[in-house]
Amino acid sequence: MSAVLAPDRLAEFLHGLPKAELHMHIEGSLEPELMFAMAQRNGIALPYADVESLRAAYDFHNLQSFLDIYYAGASVLQTEQDFFDMAWAYLLRAQADHVVHVEMFFDPQTHTERGVAFDTVIDGLKRACDRAAGELGVRAELILCFLRHLSEDEAFATLEQAKPHLGKFIGVGLDSSEVGHPPEKFARVFAEARRLGLHVVAHAGEEGPPAYIWSALDVLKVERIDHGVQSLQDAALVERLVKERMPLTVCPLSNIKLCVFEKMDQHNLRRMLDLGIVATVNSDDPAYFGGYMNQNFRETGAALGLDAGHLRQLSANSFEASFAAAADKQRYVDRLGEHCAAFGL
Ligand code: HPA
Ligand code: ZN
C-alpha cells in the first residue's frame, strides 16, 4: 500500500498517531506560567520579572547554557503537590498528542541537593503517573537519572535513597553535562542498578563523541541510547546499532535549540531511518525547546519530507523501544495498525 497522503490527511494522520515518548525530562516540562505560580506559592524569588522575560532567556548556544537555566528553574519545586502538578500538566499535553505510553526521566539530585526529600519528589511524580493510566488513558513510568557532572559516589548515595522505592520506577539513566563526563565514570553504579533488576539507559552522543556511545553500550550495558545523533560519524557503530536493534531516542527540537544541528533540514533522523536504525522522536525538555511530541513530529516531518510510512515506522519504533510489557506492546501495535487502516494504509 502506498504511504502517500495529501498534506491535510498527513497532518491528521500524524495528529492521531499513537506513540510512546521515551525521552522527556519532567523538570523540562515546567512551563514558565507554572514556574511563576509555584515561585509565588512557595515564596521563592525568580531572577526574572515575568513570564515573558523568562521565555526571552531561552536562547541557548549549547547544552550547558540550557542546563544552567533548567536547574535554576527547578528551584521552585518544593512540595509533593508541586511535583504532582508538574507531571500532571505534562501528562495532559501527552494525552492531547495521542501519546499512549511515557517513560519519563526525573533528576532527584537536582532536588535533594536543595534539601527536598527524595520521597517528596518520587511520590508526587508517581501519584500523577498512576492517575494518568485511569483518567487519561496514558501509561506513565519513571526513570531515575543520575547527574553526570556529579561523582559516582553521589550517584550511589542517590541509588541508596531510591532503594525503598524500587517498585515506583523502572530504570536509571544518565544526563546533564556530557563532554568530560564519559559513561565509564558510572560503571559501578550502573552495574548495581542492573543487579537490582532496573532497566538502564544513558544520554550519549548528544554533544559527545561516538566513543561515549560505545562505552554506554559496552561498559554500562544500556538498552537504549538517549540522543545518539553523533553515531552517524562512525560506520562500525551504525552497523552495530542496526544489527542489535539498539534504539536511539532522538529529540529534534532539542537538537536545534542547543545548536547540535544548525537547521532542521540538516537533521540526520531521516538518514537514521533509511539506514535501518530504530530511531524514535521525543521532546526532551518541551517547555524549553519549543514544543511537545506532535510539534517535534510536525517540524521534523516538514523539514525532512517524512511521509506516512516514515511516521508509522517512528511510532512502531517507539513501542518496540519501550519497556512496556509484551501484552501492552501488542496492544499499542494493534492500535497503530487500526490507525493506519483508517487512513487506507
Ligand atoms: N541532555 C543532557 N541532560 C539533560 C538534557 C539533555 O538534553 N535535558 C535535561 N537534562
Ligand atoms: Zn535528555
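Just so it is clear, the structure is predicted and the values come from calculations on it, not from any experiment.

Visitor: Can you lay out the pattern of salt bridges for me, pointing to particular residues and giving the numbers?
Guide: In the structure shown here, the tally under the stated rule is 21 salt bridges. Across the pair Glu160 and Lys163 runs a salt bridge, and its minimum N-O distance is 2.8 Å. Residue class for Lys163 comes out partly exposed when judged on its relative accessible area of 26%. Measuring nitrogen to oxygen at the nearest pair gives 3.1 Å for the salt bridge that ties Lys163 to Glu192. Here Lys163, found in the loop between α8 (152–162) and β4 (171–175), pairs with Glu192, found in helix α9 (residues 187–195); they are 29 residues apart in sequence, far enough to count as distant. Counted as one network, the salt bridges with shared partners bring together Glu31, Glu33, Arg55 and Arg93.

Visitor: With reference to specific residues and values, describe helix α10 (residues 210–218).
Guide: Side chains of residues three or four places apart in an α-helix project in the same direction, reflecting 3.6 residues per turn. Every buried residue of α10 is accounted for by Pro210, Tyr212, Ile213, Ser215, Ala216 and Leu217. In this fold, the buried residues of α10 make contact with β5 (199–204), β6 (224–227) and α11 (235–243).

Visitor: How would you summarise the state of the cysteines if you had to cite specific residues and measurements?
Guide: This model, assessed by the stated rule, comprises zero disulfides. The cysteine Cys129 is free of any disulfide, with Cys145 supplying the nearest cysteine sulfur at 14 Å. Here Cys251 stays unpaired: no disulfide links it, and the sulfur of Cys145, its closest cysteine neighbor, is 12 Å away. Exposure remark for Cys251: the relative accessible area of 0% places this residue in the buried category.

Visitor: Any details on the nonpolar core? Residues and values, ideally.
Guide: Here is a general trend for soluble globular proteins: nonpolar side chains tend to be buried in one another's company. In terms of nonpolar packing, the biggest core is built from 112 residues, with Leu91, Phe106 and Tyr288 touching the most fellow members. Here the element with the most residues in this core is helix α5 (residues 80–96); it accounts for eight residues. When neighbours within four sequence positions are excluded, Phe106 is seen to be in contact with Ile26, Glu27, Phe118, Val121, Ile122, Leu125, Leu142, Ile143, Leu144, Cys145 and Phe169. Listed in part, the six residues of the second largest apolar core include Phe105, Ile170, Val201 and Phe323.

Visitor: Kindly report on empty space enclosed by the protein, identifying the contributing residues and their values.
Guide: Applying the stated criterion across every chain yields a total of one cavity of 30 Å³ or more. Its boundaries defined by the atoms lining it, the largest cavity holds a volume of some 110 Å³. Along the wall of the largest cavity there are 17 residues; nearest its centre are His25, Leu63, Phe66, Leu67 and His203. Ranked by the residues each element gives to the lining of the largest cavity, the list is headed by helix α4 (residues 63–73), at five residues. Grouping the amino acids of the lining of the largest cavity by side-chain chemistry returns seven nonpolar, five polar and five charged.

Visitor: I'd like a rundown of the coordination of the zinc ion (ligand 2), residues and numbers included.
Guide: Taken together, the protein donors to the zinc ion (ligand 2) comprise His23 (NE2), His25 (NE2), His203 (NE2) and Asp284 (OD), at separations of 2.0 to 2.2 Å. All donors of the zinc ion (ligand 2) come from a single chain, and their spacing in sequence reads H-x1-H-x177-H-x80-D. Taken together, the residues span a long stretch of sequence, with His23 in the loop between β1 (19–21) and α2 (32–41) and Asp284 in the loop between β8 (279–281) and α14 (286–289) at a distance of 261 residues. For the pair formed by His23 and Asp284, the shared burial category is buried.

So, how was this worked out
- Residues numbered from 1 in each chain as written.
- Chains lettered and ligands numbered in written order.
- Predicted model: local features only at pLDDT ≥ 70, side-chain atom pairs only at ≥ 80, totals over all residues.
- Heavy atoms only, no water.
- Salt bridge = Lys/Arg side-chain N within 4 Å of Asp/Glu carboxyl O.
- Buried < 20%, exposed > 50% of the residue type's maximum accessible area, 1.4 Å probe, protein only.
- Helix = DSSP H or I, 4+ residues; strand = E, 2+ residues; numbered from the N terminus.
- Contact = heavy atoms within 4.5 Å.
- Disulfide = S-S within 2.5 Å.
- Core = buried A, V, L, I, M, F, W, Y, C linked by side-chain atoms within 4.5 Å.
- 1 Å grid on protein atoms, 1.4 Å probe; cavity = no way out; pocket = protein on both sides within 12 Å on 5 of 7 lines; lining within 4 Å.
- Points joined across faces, edges and corners; volume = space filled by probe spheres on them.
- Nonpolar A, V, L, I, M, F, W, Y, C, P; charged D, E, K, R; others polar.
- Donors = N, O, S within 2.8 Å, 3.2 Å for Na, K, Ca; no water.

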